[in-house]
Amino acid sequence: NTIDLVHSDFKEIVAERIRHLRNEKTPVPPREEKYLRLDGSVIDVEVTAAPFLTQGKRASQIIARDITRRKRAENIMQARLRLLEFADSHSMDELITATLDEIETLTGSNISFYHFLQSDQKTLSLQNWSTNTLKNMCKAEGQGGHYSIA
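Our subject in this report is the structure included herewith. (Residues numbered from 1 in each chain as written. Predicted model: local features only at pLDDT ≥ 70, side-chain atom pairs only at ≥ 80, totals over all residues. Heavy atoms only, no water.)

As enumerated under the stated definition, the model contains 1 aromatic pair in all. Taken together, a centroid distance of 4.9 Å and an interplanar angle of 85° make the contact between Y114 and F116 edge-to-face. Given a relative accessible area of 34%, F116 falls into the partly exposed group. (Phe/Tyr/Trp six-rings, centres within 6.5 Å; stacked < 30°, edge-to-face > 60°. Buried < 20%, exposed > 50% of the residue type's maximum accessible area, 1.4 Å probe, protein only.)

There is a patch of nonpolar side chains on the surface, built from M77, L81 and L84 and spanning about 310 Å² of accessible area. Topologically, L84 is positioned in helix α2 (residues 68–87). (Patch = residues over 30% accessible without salt bridge, like charges linked within 9 Å, V, L, I, M, F, W, Y side chains within 5 Å. Areas by Shrake-Rupley, 256 points an atom, 1.4 Å probe, with all protein chains shown as cover. Salt bridge = Lys/Arg side-chain N within 4 Å of Asp/Glu carboxyl O. Helix = DSSP H or I, 4+ residues; strand = E, 2+ residues; numbered from the N terminus.)

Membership of the largest hydrophobic core is limited to 7 residues, which are V6, F10, V14, Y35, I43, V45 and V47. The element that contributes the greatest number of residues to this core is strand β2 (residues 42–54), accounting for 3 residues. Not counting residues up to four positions away in its chain, the partners in contact with F10 are R31, E32, E33 and K34. (Core = buried A, V, L, I, M, F, W, Y, C linked by side-chain atoms within 4.5 Å. Contact = heavy atoms within 4.5 Å.)

Before going further, it helps to examine helix α3 (residues 92–107). For α3, built from 16 residues, the straight-helix expectation of 22 Å at 1.5 Å per residue is met to within 8% by its first-to-last C-alpha distance of 22 Å. If you check which residues of α3 are buried, you get L95, I96, T97, A98, L100, E102 and E104. Where α3 is buried, its residues contact α2, β4 (113–117), β5 (123–129) and α4 (131–137). G108 sits one or two positions beyond α3 and adopts a positive phi of about 75°. (Expected span 1.5 Å × (residues − 1).)

The next thing to look at is the pairing of β4. The pairing of β4 with β5 spans 5 bridges and is antiparallel. Of the residues in β5, the one forming a bridge with F116 is S125. Turn length for the β4-β5 hairpin, with the two strands adjacent in sequence and antiparallel, is 5 residues, and the turn residue Q121 shows positive phi of about 60°. (Pairing = 2+ DSSP bridges.)

A few words now on the pattern of salt bridges. Tallying each qualifying case throughout the model produces 9 salt bridges. Note that E32 is salt-bridged to R70, the shortest N-O span being 2.3 Å. With E32 in strand β1 (residues 28–36) and R70 in helix α2, this residue pair connects regions lying 38 residues apart in the sequence. Given the relative accessible area of 34%, E32 is considered partly exposed. Of the charged contacts in the structure, one is a salt bridge between K34 and D44, with a shortest N-O distance of 2.5 Å. Here K34, found in strand β1, pairs with D44, found in strand β2; they are 10 residues apart in sequence, far enough to count as distant. A relative accessible area of 28% places K34 in the partly exposed class. By sharing partners, the salt bridges in this structure join E32, R70, K71 and E74 into a single network.

Laid out in structure tokens, this is it:
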């Protein structure tokens, strides 16, 4: 059943679109939805559908196009714009933290930190942690500290 592949957040919307196809007998416009892959992972799709007759019987053609890459690119672009605006009125440390926070959001990670490798190529300088990392994951100290990797 097609409805089984629809993410729970969209089942009601999809059911209404199916009713529209059956009752109004007119196409439904493209709409972004979330579906489930057979392995259970979520996929962003753009779905359109149109009713038609085949051998005297009503049927519907549903086209779902994977837009996961496009959505990811849009999310990255929005994060870049937020960071550009943020950079104008915040310190470098605050910008690095905000960047790490954005990275966590984009990747689904719950820990992030940033190191600079010094020009000697042997020393790491720990620069910053994400907001979540500092609050929930560790109690690291030593911002600006230098650590030998040799």
